[in-house]
Amino acid sequence: VSNEQEAIRLANDTTYGLSASIFSRNLNHAEELAQQIDSGDVSINRAQYATATPSVPTGGQRTSGSGRRNGKEGLLKYTAAQTVIADNLIGAQNDLQIATPFVVQLLKTLRLIRRYVPFI
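Remember, it's a predicted structure, so these values are computed and weren't measured experimentally.

What counts and how
Residues numbered from 1 in each chain as written. Predicted model: local features only at pLDDT ≥ 70, side-chain atom pairs only at ≥ 80, totals over all residues. Heavy atoms only, no water. Helix = DSSP H or I, 4+ residues; strand = E, 2+ residues; numbered from the N terminus. Buried < 20%, exposed > 50% of the residue type's maximum accessible area, 1.4 Å probe, protein only. Contact = heavy atoms within 4.5 Å. Areas by Shrake-Rupley, 256 points an atom, 1.4 Å probe, with all protein chains shown as cover. Patch = residues over 30% accessible without salt bridge, like charges linked within 9 Å, V, L, I, M, F, W, Y side chains within 5 Å. Salt bridge = Lys/Arg side-chain N within 4 Å of Asp/Glu carboxyl O. Core = buried A, V, L, I, M, F, W, Y, C linked by side-chain atoms within 4.5 Å. Pairing = 2+ DSSP bridges. pLDDT = per-residue confidence, 0-100. Right-handed = clockwise from strand over helix to strand, strands pointing away.

**A few points about the overall build of the protein**
Thought 1: Looking only at helices and strands, the protein has four helices and two strands in total.
Thought 2: Listing each helix as α and each strand as β along the protein from the N terminus yields α-β-α-β-α-α.
Thought 3: Put simply, the protein has 120 residues, and 15% of those count as buried.
Thought 4: Here the analysis covers contacts within the protein between residues at least 6 apart in sequence; of these, 32% occur between residues at least 24 apart.
Thought 5: When the accessible area of the protein is evaluated, it comes to approximately 10,000 Å², of which 56% is carbon and sulfur surface.

The structure is reproduced here in structure tokens:
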């Protein structure tokens, strides 16, 4: 390629985006270039470095894959969030007041104190 901008354009001008590599003596500049490449991972000064590192999430962009494997992101794809709420006040009166009368009075008192001592 004639320059780095052409290299980035060619790297992004594809339906694939699994992995890319940049070789440079200037690591800061290489990191800036890596940000411009639409790829699942970009290795600097070593080919496919991220793919061989189990603690680092890897995976492609576009038609090179969906999701990630390895690392926290790879494990999360095997999980599903679930909310479980239990009402342990069996026989309690159905109303919108969640706090007990004592807690309501305590909160009112705290609000009153905060008028005079705002850092509480």
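**Re a nonpolar patch on the surface**
Thought 1: On the surface, a cluster of nonpolar side chains totalling about 360 Å² of accessible area is made up of F102, V103, L106 and L107.
Thought 2: By the secondary structure assignment, L107 is in helix α4 (residues 101-116).

**Here's the deal with the nonpolar core**
Thought 1: With seven residues, the main nonpolar core is built from I8, A20, I22, A30, L33, A34 and I37.
Thought 2: For this core, the secondary-structure elements that each account for two or more residues are β1 (19-22) and α2 (27-35).
Thought 3: Counting residues per element, this core draws most heavily on α2, at three residues.
Thought 4: Sequence-distant contacts of L33, defined by excluding residues within four places in its chain, comprise E4, I8 and I22.

**Overview of the pairing of strand β2 (residues 41-44)**
Thought 1: Residues D41 and S43 point to one face of β2 and are all buried, whereas V42 and I44, pointing to the other face, are not buried.
Thought 2: Relative to β2, β1 is paired through four bridges, and the arrangement is parallel. Bridge pairing links I22 to I44 in β2.

**Details of the environment of A11**
Thought 1: Mapped onto the elements, A11 comes out in helix α1 (residues 4-12).
Thought 2: Looking at A11, the relative accessible area reads 30%, which means it is partly exposed.
Thought 3: Distance from A11 to S39, taken between C-alpha atoms, is 8.6 Å for residues 28 residues apart in sequence.

**Points about the confidence of the model for the protein**
Thought 1: Per-chain confidence: the protein averages 75 in pLDDT, with 56% of residues scoring 70 or above.
Thought 2: Taken element by element, the predicted model of the protein shows its lowest mean pLDDT in helix α3 (residues 71-76) (68) and its highest in α1 (92).

**Let's talk about the pairing of β1**
Thought 1: Side-chain alternation along β1 places A20 and I22 on a buried face and S19 and S21 on a face that remains uncovered.
Thought 2: In this fold, the crossover linking β1 to β2 by way of α2 has right-handed handedness.

**Remarks on the environment of F23**
Thought 1: Note that F23 resides in the loop between β1 and α2.
Thought 2: Expressed as a C-alpha distance, the spacing of F23 and R46, which sit 23 residues apart in the sequence, is 7.3 Å.

**A closer look at the environment of A30**
Thought 1: Within the secondary structure layout, A30 lies in helix α2.
Thought 2: For A30, a relative accessible area of 0% corresponds to the buried category.
Thought 3: Here the alpha-carbon distance between A30 and V42, two residues 12 residues apart in the chain, equals 9.9 Å.
Thought 4: Every residue in contact with A30, bar those within four places of it in the chain, is listed here: I22, S24 and I44.

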